[in-house]
Amino acid sequence: MVKYSAPTVVKTAAYQDQKPGTSGLRKPTKIFLEKENYTANFVQSIISALPLERKGKVLIVGGDGRFYGPEAVDLIVRIAIANGVTNLTIGQHSILSTPAVSNLIRRRAPNCLGGIILTASHNPGGPDGDFGIKFNIPNGGPAPDAVTNNIYEISKQLGEYKICQDVPTIDLANVGVTEFEVDTIGPVRVDVIDSVEDYVQLMKEIFDFNLLRDFLSSFPVVINAMHGVTGPYVKRIFQQELAQTTPNPNSLYLNTVPLPDFGGHHPDPNQTYAADLVKILKDNPTKYGFGAAYDGDGDRNMLLGAGGFFVTPSDSLAVLAANLNAIPYFNKPNGIKGLARSMPTSGAVDRVGKKLGFTVYEVPTGWKYFGNLMDAGQLSLCGEESFGTGSDHIREKDGIWASLAFLTVLASKKTSVKDLLENHWKEFGRNYFLRLDYENVDGTKANQMIGELEKKIMSTPKEQLTKEIIDAVKTSSIKDPSLEKYKVDATDNFEFTDLIDGSVAKGQGLRIMFANGFGRMVWRLSGTGSSGATIRVYLEKCDDEHVTGDALVVLDDLVKASLAISRLQAVVGVDTPTVIT
Ligand code: G1P
Ligand code: ZN
């Protein structure tokens with residue numbers, strides 16, 4: 001075996017800003033490219049946080065295909081080996097979706113150290129876009145706070161990193177095994193694997209592919225991979241596996257070639273950034289029955305019905321929850337253990353849990369908070385309003401899985417998306433929901449607004465808050481707001497104690513809850529942005545009788561109330577959201 005020289009130690013200056021956010025370290029690509037050792041420092045910090053027992057254990061590496069990914073992979077390989085990681089598995093062309101990494105980690109357990117995912121998720125890519133590095137732990141899920149805090153602490157004090165300078169650059173274009181020896185480290189093995197294979201196997205274990213094949217042969221769909229990582233997965237699953245017997249000539253698969261800059265677009269599957277998909281469905285209302293789009297790294301999904309009928313992620317979670325028995329995976333022996341949602345996600349799934357007898361857990365924003373419940377066997381299906389849906393088949397949200405799950409429900413119920421939703425609302429009642437995003441606003445002002453708002457909602461008497469809300473509602477399309485309905489019942493800054501390990505997450509979102517389950521308003525700052533700040537406002541109102549209204553109209557009262565109570569315009573200088581979900 002060829003033998004390469006022992007690792008070298010490189011002196012470096014620590015950075016103080018490598019704190020992972022809601023989902024990994026995300027920054028403008030330029031920072032990773034231009035700040036000396038910025039990537040190397042963070043990679044060394046992740047590796048330093050790994051357990052010392054590394055021999056024979058594999059580290060999974062892959063990413064969403066964005067600019068700078070392959071260079072980062074090369075650096076990770078060299079630094080990992082230099083730190084005693086002797087076994088690496090990398091996706092071909094450095095491509096692995098986030099759900100695929102989670103699956104690979106779990107399939108390689110217990111001999112897996114975890115995975116490093118090179119992605120900034122739904123943020124734009126390219127030299128002027130964003131880059132990101134995320135670490136997933138051996139259960140396949142995003143590193144929890146204790147791990148990311150440890151990585152951050154290490155990064156702040158880092159004085160050197162170790163690197164194997166002369167090992168060859170791994171050929172990422174071809175699937176294969178490279179073996180060599182490194183002085184003082186020993187034998188090393190690097191596998192470059194097919195990016196899709198293991199994930200396809202998993203999907204075949206979960207779903208009835210024959211049912212889906214039959215259904216899709218006469219039900220044309222439009223799938224938009226948004227030039228993100230899901231392209232190869234869409235091709236293999238929808239265009240090959242599910243089109244084997246009777247391909248549907250009308251189905252359309254868009255943007256399935258991963259591009260380093262996502263074609264210059266924002267790879268975020270919502271109605272604003274996946275406008276091409278929405279337009280095709282709207283322009284061809286009788287041709288296509290279903291549309292789906294995924295984000296850069298494949299964990300988010302947006303689902304649409306014929307004519308562009310929008311399914312809110314909160315509703316798709318509830319509909320799946322009500323129909324899980326249609327999916328083979330959830331029948332025995334797995335069964336349905338429990339349901340969960342992030343705090344800002346609407347309570348639609350709570351209604352299903354209540355009626356069907358499943359516990360519904362509420363956790364802070366971020367997928368990492370679902371992992372412990374899943375590991376403890378208490379959670380089967382969960383979701384976030386931010387286009388995240390998933391189950392305990394892995395420990396990440398999963399875009400392709402969500403669309404296969406939804407299609408399975410459509411196939412088993414033989415219904416259109418709109419009818420499925422409307423019948424669901426008639427049966428369970430409806431939670432009207434809107435999320436308003438004010439992106440890229442001044443960080444200091446955003447923090448000031450949240451600070452002042454917290455003081456206000458916690459110290460103003462509830463009657464006074466109710467009065468202010470009613471005054472604002474009067475400026476909306478609702479003409480005679482009743483004190484009864486808008487009565488403020490409780491206010492808080494959401495705090496969460498993990499049921500399994502007792503860890504506490506504070507300051508997870510300001511909430512005003514109305515009496516009698518009428519609805520609520522929630523404010524929080526995004527933890528995934530790379531520059532400036534993004535304010536998210538979540539509005540929700542429940543209705544058991546009028547279930548087919550338009551959320552934008554129905555929630556006009558709370559839109560006005562949220563603006564007035566938060567003093568958004570006065571403090572931050574904006575009042576028009578950049579994205580409405
Ligand atoms: C956003 C979403 C959150 C999701 C995260 C990662 O985080 O709101 O639900 O888990 O992206 O995809 P935020 O920017 O709000 O902190
Ligand atoms: Zn993502």
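Residues numbered from 1 in each chain as written. Chains lettered and ligands numbered in written order. Predicted model: local features only at pLDDT ≥ 70, side-chain atom pairs only at ≥ 80, totals over all residues. Heavy atoms only, no water.

Novice: Teacher, can you tell me more about the site of ligand 1 here?
Specialist: What surrounds ligand 1 is a group of 13 residues, the closest being Ser386, Ser526, Gly527, Thr528 and Arg536. Arginine 536 has a polar side-chain atom sitting 2.6 Å from an oxygen atom of ligand 1. For ligand 1, whose unbound accessible area comes to 380 Å², protein coverage reaches 98%. In terms of residue class, the shell around ligand 1 is built from no nonpolar, 7 polar and 6 charged. (Near = heavy atom within 4 Å. Polar contact = N/O pair within 3.5 Å; in protein donor to acceptor, adjacent residues only side chain to side chain. Areas by Shrake-Rupley, 256 points an atom, 1.4 Å probe, with all protein chains shown as cover. Nonpolar A, V, L, I, M, F, W, Y, C, P; charged D, E, K, R; others polar.)

Novice: What am I meant to see in the sheet that holds strand S9 (residues 176-182) here?
Specialist: What links the strands of a sheet is backbone hydrogen bonding, and the strands pair in either a parallel or an antiparallel sense. If you walk across this open sheet you meet the 8 strands as S1-S9-S10-S5-S4-S6-S7-S3, and the pairing is mixed. Of all strands in the sheet, those bounded by a partner on one side alone are strand S1 (3-4) and strand S3 (25-28). Here 4 bridges tie strand S6 (residues 112-118) to strand S7 (residues 130-136), and the two strands are oriented antiparallel to one another. Within S7, the position partnered with glycine 115 by the bridge is asparagine 136. On top of the sheet, helix H2 (residues 38-48) reaches S3, strand S4 (58-63), S6 and S7; it is set at about 10° to S7, its chief contact. Those strands touched by helix H3 (residues 69-82) are S4, strand S5 (87-95), S6, S7, S9 and strand S10 (186-193), and its axis lies near 175° from that of S5. (Pairing = 2+ DSSP bridges. Helix = DSSP H or I, 4+ residues; strand = E, 2+ residues; numbered from the N terminus. Contact = heavy atoms within 4.5 Å. Axes fitted to C-alpha atoms, helices over the stretch in contact; angles between N-to-C directions.)

Novice: What is the right way to look at the pairing of S7 in this model?
Specialist: Each regular strand shows side chains that alternate between the opposite faces of the sheet. Of all 7 residues in S7, 7 are buried, a share of seventy percent or more. Here S7 shows two buried faces, one formed by Asp130, Gly132, Lys134 and Asn136 and the other by Phe131, Ile133 and Phe135. Summarising the sheet, S3 and S7 pair through 4 bridges and their orientation is antiparallel. Bridge assignment links proline 28 to a residue of S7, and that residue is aspartate 130. (Buried < 20%, exposed > 50% of the residue type's maximum accessible area, 1.4 Å probe, protein only.)

Novice: How do you make sense of the packing of helix H8 (residues 231-240) against helix H13 (residues 399-413) when you look at a structure like this?
Specialist: Packed helices, taken two at a time, are described by their axes: the angle between them and the distance between them. Orientation of H8 relative to H13, taken along the N-to-C sense of each, is 25°, at an axis distance of 11 Å. On the basis of their axis angle, the class for H8 and H13 is roughly parallel. Note that H8 runs across H13; the crossing there is right-handed. Here H8 contributes Tyr233, Val234, Ile237 and Phe238 to the contact with H13, which in turn contributes Ile400, Ser403, Leu404 and Leu407. For the contact of H8 with H13, the class distribution of residues is 7 nonpolar, 1 polar and no charged. (Parallel < 35°, antiparallel > 145°, perpendicular 65-115°, else oblique. Left-handed = near helix turned anticlockwise from the far one by under 90°.)

Novice: In this structure, what is going on with the side chain of threonine 415? I would like to understand it.
Specialist: On the secondary structure map, threonine 415 appears in the loop between H13 and helix H14 (417-428). Residue contacts for threonine 415: discarding those within four places in its chain leaves Leu410 and Leu420.

Novice: Can you walk me through helix H6 (residues 197-206) in this structure?
Specialist: The periodicity of an α-helix, 3.6 residues per turn, causes residues three or four places apart in sequence to face the same way. Those residues of H6 lying buried are Asp198, Tyr199, Val200, Leu202, Met203 and Ile206. The inward-facing, buried residues of H6 contact helix H4 (98-108), helix H7 (209-217), H8 and H13.

Novice: I would appreciate a short explanation of the coordination of the zinc ion (ligand 2) in the present structure.
Specialist: Put simply, the ideal angle at a metal is 109.5 degrees for four donors in tetrahedral geometry and 90 or 180 degrees for six donors in octahedral geometry. Ligation of the zinc ion (ligand 2) by protein atoms is provided by Ser121 (OG), Asp295 (OD), Asp297 (OD) and Asp299 (OD), these donors lying 2.0 to 2.1 Å from the ion. Around the zinc ion (ligand 2) sit 4 donor atoms, and with donor-metal-donor angles ranging over 86 to 165° the site reads as irregular. For the zinc ion (ligand 2), the donor residues sit on a single chain with the sequence spacing S-x173-D-x1-D-x1-D. Here serine 121, found in the loop between S6 and S7, pairs with aspartate 297, found in the loop between strand S13 (290-294) and strand S14 (301-305); they are 176 residues apart in sequence, far enough to count as distant. Judged by relative accessible area, which is 4%, serine 121 ranks as buried. Classification of aspartate 297 by relative accessible area gives buried; the value is 2%. (Donors = N, O, S within 2.8 Å, 3.2 Å for Na, K, Ca; no water. Tetrahedral: all angles 85-135°; square planar, octahedral: opposite > 155°, others 65-115°.)

Novice: How should I be thinking about the side chain of arginine 511 in this particular structure?
Specialist: For arginine 511, the location among the structural elements is in strand S24 (residues 510-514). For arginine 511, a relative accessible area of 9% gives the class buried. Apart from residues no more than four positions distant in its own chain, arginine 511 is found in contact with Met343, Glu362, Ile457, Ala490, Thr491, Asp492, Phe494, Arg520, Met521 and Val522.

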